[in-house]
Amino acid sequence: MKAITVKPGIADYLALREVPEPAVGPGEVVVRVARVGVCGTDQEIIRGRYGTAPAGSDFLVIGHEGLGQVVDSGPAATGLSLGDYVVASVRRPCPHAHCRPCRSGQNDMCLTGDFTERGIQGRHGFLSEYYAEHPRFLTPVPPALAPAGALLEPLAVVEKALRQSLKIQERLPWNLERAVVLGAGAIGLLAALLLRLRGIETWVFDRSAPAGRKARLAGQTGAHFANTGETPVSRIAAELGQVDLIVEATGYAPLVFDACQQLGGNGVLCLLGVADEGSPLTIDAGGFNNRLVLGNRLVFGSVNANPADFRAGVESLAQIEQRWPGLTESLQTRRVPLAEFQDAFAGQAEDIEDIKVTVELAGLTPDED
Ligand SMILES: [Zn+2]
Ligand SMILES: [Zn+2]
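**A few points about the overall build of the chain**
(1) Moving on: Helices and strands together make up the secondary structure of the chain, namely 11 helices and 19 strands.
(2) Moving on: Scaling as 2.2 N^0.38, a compact globule of 369 residues should have a C-alpha radius of gyration of about 21 Å, and the chain matches this with 21 Å.
(3) Moving on: Each principal axis of the C-alpha atoms in the chain carries an extent, and together these give about 60 × 45 × 40 Å.
(4) Moving on: Looking at the chain as a whole, 43% of its 369 residues are labelled buried.

**A short note on the sheet that holds strand β1 (residues 2-6)**
Sheet strands pair by backbone hydrogen bonding; their relative direction is either parallel or antiparallel.
(1) Moving on: Taken together, the 3 strands give an open sheet; going across it, the order is β2-β1-β4, and neighbouring strands pair in antiparallel fashion. The open sheet has two free edges, formed respectively by β2 (14-18) and β4 (60-61), since each of these has just one partner strand.
(2) Moving on: As judged from the 2 bridges shared by β1 and β4, these two strands associate in the antiparallel manner. Considered in β4, the bridge of Val-6 is made with Leu-60.

**A closer look at helix α3 (residues 152-168)**
(1) Moving on: An ideal rise of 1.5 Å per residue puts 24 Å on 17 residues; α3 measures up with 24 Å between its terminal C-alpha atoms.
(2) Moving on: Most of α3 is tucked away, with 12 of its 17 residues classed as buried.
(3) Moving on: Leu-152, Glu-153, Pro-154, Leu-155, Ala-156, Val-157, Val-158, Glu-159, Lys-160, Ala-161, Leu-162 and Ser-165 are the residues of α3 that are buried.

**Let's talk about the environment of Gly-119**
(1) Moving on: Of note, Gly-119 is situated in the loop between β8 (116-118) and β9 (122-123).
(2) Moving on: Overall, the presence of 27 C-beta atoms within 10 Å leaves Gly-119 in the buried class.
(3) Moving on: Between the C-alpha atom of Gly-119 and that of Ala-3, which follows or precedes it by 116 residues, the distance is 11 Å.
(4) Moving on: Excluding its chain neighbours within four sequence positions, the residues that come into contact with Gly-119 are Val-61, Ile-62, Gly-63, His-64, His-124, Gly-125 and Phe-126.

**So, the nonpolar core**
(1) Moving on: One finds Leu-182, Leu-189, Leu-190, Ala-191 and Val-247 to be the most contacted residues of the largest nonpolar core, which totals 96 residues.
(2) Moving on: Looking at this core element by element, the count peaks at 9 residues for helix α4 (residues 186-197).
(3) Moving on: Taken domain by domain, this core gets at least three of its residues from each of domain 1 (2-141 + 333-360) and domain 2 (156-301).
(4) Moving on: Here Val-247 is in contact with Ala-161, Ala-179, Val-181, Leu-182, Ala-191, Cys-270 and Leu-272, once residues within four sequence places are set aside.

**Quick word on helix α8 (residues 285-294)**
(1) Moving on: The buried fraction of α8 is low, at 0 of 10 residues.
(2) Moving on: Count one or two residues on from α8 and you reach Asn-296, which has phi positive near 50°.

**Re the sheet that holds β9**
(1) Moving on: Spatial ordering of the open sheet is given by β7-β8-β9, a layout of 3 strands whose pairing is mixed. With partners counted over all chains shown, the strands left at the sheet margins are β7 (91-92) and β9, one partner each.
(2) Moving on: Pairing of β8 with β9, which is carried by 2 bridges, proceeds in the parallel orientation. The partner of Glu-117 across the bridge, within β9, is Gly-122.

**Details of the domain arrangement of the chain**
(1) Moving on: With domains assigned, the chain is organised as domain 1 (2-141 + 333-360) and domain 2 (156-301).
(2) Moving on: Centre-to-centre separation of domain 1 and domain 2, based on C-alpha positions: 29 Å.
(3) Moving on: Each side of the interface is counted separately: domain 1 has 6 residues, and domain 2 has 9 residues.
(4) Moving on: When its residues are assigned to classes, the side of domain 1 that touches domain 2 shows 2 nonpolar, 1 polar and 3 charged.

**What to know about the packing of α3 against helix α9 (residues 307-323)**
(1) Moving on: It is at 8 Å that the axes of α3 and α9 come closest, and there the two elements cross at 105°. The angle between the axes of α3 and α9 places the two elements in the roughly perpendicular class. Across the interface between the two elements, Leu-152, Leu-155, Ala-156, Glu-159, Lys-160 and Arg-163 from α3 touch Asp-309, Phe-310, Ala-312, Gly-313, Val-314, Ser-316 and Leu-317 from α9.
(2) Moving on: For the contact of α3 with α9, a count of residues per class yields 7 nonpolar, 2 polar and 4 charged.

**Brief notes about the pairing of strand β6 (residues 85-88)**
On any regular strand, side chains alternate: one points to one face of the sheet, the next to the other face.
(1) Moving on: In β6, alternate side chains face the same way, and those of Tyr-85 and Val-87 on one face and Val-86 and Ala-88 on the other are all buried.
(2) Moving on: By the bridge criterion, 3 bridges tie strand β5 (residues 65-73) to β6 in an arrangement that is antiparallel. Bridge pairing in β6 links Gln-69 to Tyr-85.
(3) Moving on: Looking at chain direction, β6 and strand β11 (residues 138-141) are connected through 4 bridges and run antiparallel. Bridging across to β11, Tyr-85 finds its partner in Val-141.

About the criteria used
Numbering of residues starts from 1 in every chain and runs along the sequence as written. As they are written, the chains are lettered A onward and the ligands numbered 1 onward, keeping that order. Since the coordinates come from a predicted model, pLDDT governs what is reported: local features require at least 70, and pairs of side-chain atoms require 80 or more to be given and counted, while whole-chain, interface and lining totals use all residues. Think of it this way: any DSSP run of H or I at least four residues long counts as a helix, any run of E at least two long counts as a strand, and we number them from the N terminus. With the radius of gyration taken over C-alpha atoms, the globule rule is written as 2.2 Å times the number of residues to the power 0.38. Residue burial here comes from a neighbour count, namely the number of other C-beta atoms, placed from the backbone, that lie within 10 Å of the residue's own C-beta, with 20 or more meaning buried, 12 or fewer meaning exposed, and in between meaning partly exposed. Paired strands, as defined in this entry, are two strands with at least two bridges between them according to DSSP. Expected span of a helix, by definition, is 1.5 Å for each gap between consecutive residues, and there is one gap fewer than residues. Any residue pair is listed as a contact if its two C-beta atoms, each placed from the backbone, are within 7 Å. Definition of nonpolar core: a set of buried Ala, Val, Leu, Ile, Met, Phe, Trp, Tyr and Cys residues joined via C-beta atoms within 7 Å. As annotated, the domain borders come from an automatic or database domain assignment. Here the term charged refers only to Asp, Glu, Lys and Arg, the term nonpolar to Ala, Val, Leu, Ile, Met, Phe, Trp, Tyr, Cys and Pro, and the term polar to all other amino acids, Gly among them. Only the stretch in contact is used when fitting a helix axis, every axis being a line fitted to C-alpha atoms; angles between N-to-C directions are given from 0 to 180 degrees. In these notes the angle categories are as follows: under 35 degrees is roughly parallel, over 145 is roughly antiparallel, 65 to 115 is roughly perpendicular, and the rest is oblique.

The structure is reproduced here in structure tokens:
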């Protein structure tokens, strides 16, 4: 079968190649891949900065945002039917008995670092015609929501971030009234969507044009859009007043410190971006310390998502479709056929304002085989 592969550690080695069909383990099902979203993590892997091949392989099949359809199941597989649309989670548990998160199904919270991740770390991903997986790592997507299914993995990441933020804030009497999202990529806009679903006043700050696609999509949900050229992050508190939650989704690390300065008292700053390392920054360490201490402020990071977040994401997708019909379609800005896969990973010109680019494999036409 065809697969899109990289050689981890080697920059710009991206190739479509024939690979063996997946071996189906006990209890696993075979999924025919319909569509795969690409994101910044894939770009990092392609640049050779990130990712590892599975043991015994000199290449890695990339792709971790895959929507597919169950087409075959092993003898002991349960819980899914042939034809079901599914999205797989990414992280698989580490083997250590003492890792409580992994042993309780919260692989996204693995303590040891010895986890694997499909398409990223030590396990092939979903940019292949088929993959095999255990149903416990698959979330069913109702057929009516399948066209939005390629958004489910990044949406689950945001579901987790919001769930964690709300859980953390159980530490005090707190109303989430005003939120700021930094960055209007897929993660940022999905965060704005989830916040708007909850009726929260939401501001999206991004460097893209105030009349551009990202601003327009944010506006459709009732979120406010601010161009950082006109209103820099350093002006947030002065312009908006108390900000209860800031979600950082740009991956530009200096913004973490700027955002902390803008966060309201008792507020929480959730970091979702993965930043370039090795760029020292001079900060007022005392000022940063006091900003946190004297205002009971909290900064935390969140990565990946667990199956509960995927299930929450499916429910949110249903609500989003109902409330803003066509919006999830608009977020998927470019569909690239498998044969032209290079285009999906090419650097994006700013004026295109791509949000979620997908590679089309089988597509969404049901097959009654
Ligand atoms: Zn991703
Ligand atoms: Zn673990």
